Amino acid sequence: HVYKDVTEEKSFHFFQGLVGSGRMHSFPTLLPGSLRAGLWAMLTFPLIRRRAWRGVGDLKFETYLRFRDLYREYDYAFIGDNGQGDLYAGERMLAESLSRPGA
């Protein structure tokens, strides 16, 4: 996807500079979204407003769960970049983590 290549390359260079200068101790992992979910949200936003981004938020949450299940030994920080489902995804991540035993 062209749009992902452009935006992810910009992010990659930004974080590469932070790690290279010692301002960040490790390189973050960027979890990709979905062009289909984003297009659907943009097309339906004029009709259903904020609810249009719920599917994008669900996808971000599900992607996080799959990644977390692969690397259970790590802690995670979620940083949303544009508000497109980020708040909803973050709320789901928080609720899920508080419902786990030992959380």
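The shown structure was predicted, so the numbers you read here are calculated from the model rather than taken from an experiment. (Residues numbered from 1 in each chain as written. Predicted model: local features only at pLDDT ≥ 70, side-chain atom pairs only at ≥ 80, totals over all residues. Heavy atoms only, no water.)

Engineer: What's the story with the confidence of the model for the protein in this structure? I'm lost.
Structural biologist: Low pLDDT marks regions whose predicted coordinates should not be analysed in detail. Looking at the protein, the pLDDT average stands at 86 and 91% of residues meet or exceed 70. Averaged over each element, pLDDT in the protein is lowest for helix α1 (residues 2-20) (79) and highest for helix α3 (residues 54-70) (94). (pLDDT = per-residue confidence, 0-100. Helix = DSSP H or I, 4+ residues; strand = E, 2+ residues; numbered from the N terminus.)

Engineer: Before we go on, may I ask you to explain the pattern of salt bridges in this structure?
Structural biologist: Enumeration according to the criterion identifies six salt bridges in this entry. Arg92 is the partner of Asp58 in a salt bridge, and the nearest nitrogen-oxygen pair spans 2.7 Å. Taken together, the residues span a long stretch of sequence, with Asp58 in helix α3 and Arg92 in helix α4 (residues 86-99) at a distance of 34 residues. Of the charged contacts, one joins Arg100 and Glu96 as a salt bridge, the two residues approaching to 3.4 Å between their closest N and O atoms. Residue classification places Glu96 among the buried positions, given a relative accessible area of 17%. A single network of salt bridges, built from pairs that share partners, joins Arg68, Asp69, Arg72, Glu96 and Arg100. (Salt bridge = Lys/Arg side-chain N within 4 Å of Asp/Glu carboxyl O. Buried < 20%, exposed > 50% of the residue type's maximum accessible area, 1.4 Å probe, protein only.)

Engineer: Just to check I follow, could you spell out the packing of α3 against α4 for this structure?
Structural biologist: Packed helices, taken two at a time, are described by their axes: the angle between them and the distance between them. Packing of α3 against α4 brings their axes to within 7 Å, and their N-to-C directions diverge by 40°. By the angle class used here, α3 and α4 are oblique. Crossing angle aside, the handedness with which α3 passes α4 is right-handed. Counted together, Arg54, Gly57, Asp58, Lys60, Phe61, Tyr64, Leu65 and Arg68 of α3 and Asp86, Tyr88, Ala89, Arg92, Met93 and Glu96 of α4 form the full contact between these two elements. When the residues that make up the contact of α3 with α4 are grouped by side-chain class, the tally is six nonpolar, one polar and seven charged. (Axes fitted to C-alpha atoms, helices over the stretch in contact; angles between N-to-C directions. Parallel < 35°, antiparallel > 145°, perpendicular 65-115°, else oblique. Left-handed = near helix turned anticlockwise from the far one by under 90°. Contact = heavy atoms within 4.5 Å. Nonpolar A, V, L, I, M, F, W, Y, C, P; charged D, E, K, R; others polar.)

Engineer: Explain the packing of aromatic side chains here, please?
Structural biologist: For any pair of aromatic rings, geometry is given as the distance between the ring centres together with the angle between the planes. Under the definition given, this model contains seven aromatic pairs. Between Phe67 and Tyr71, the ring centres sit 5.0 Å apart and the planes meet at 50°, which makes this aromatic pair tilted. Site record: aromatic cluster; members linked through ring pairs are Tyr64, Phe67, Tyr71, Tyr74 and Tyr76. (Phe/Tyr/Trp six-rings, centres within 6.5 Å; stacked < 30°, edge-to-face > 60°.)

Engineer: Just checking my understanding: could you explain unusual backbone geometry for this structure?
Structural biologist: Residues other than glycine predominantly adopt negative phi, and peptide bonds predominantly adopt the trans conformation. The phi torsion at Arg49 lies on the positive side, around 50°, for a residue other than glycine. Mapped onto the secondary structure, Arg49 falls in the loop between α2 (35-48) and α3. Assessed through its relative accessible area of 47%, Arg49 is described here as partly exposed.

Engineer: Got a minute to help me understand a nonpolar patch on the surface in this structure?
Structural biologist: A cluster of nonpolar side chains, contributed by Leu70, Tyr71, Tyr74 and Tyr76, occupies part of the molecular surface with about 440 Å² of accessible area. The residue Tyr71 is located in the loop between α3 and α4 in this model. With relative accessibility at 35%, the residue Tyr71 sits in the partly exposed group. (Patch = residues over 30% accessible without salt bridge, like charges linked within 9 Å, V, L, I, M, F, W, Y side chains within 5 Å. Areas by Shrake-Rupley, 256 points an atom, 1.4 Å probe, with all protein chains shown as cover.)

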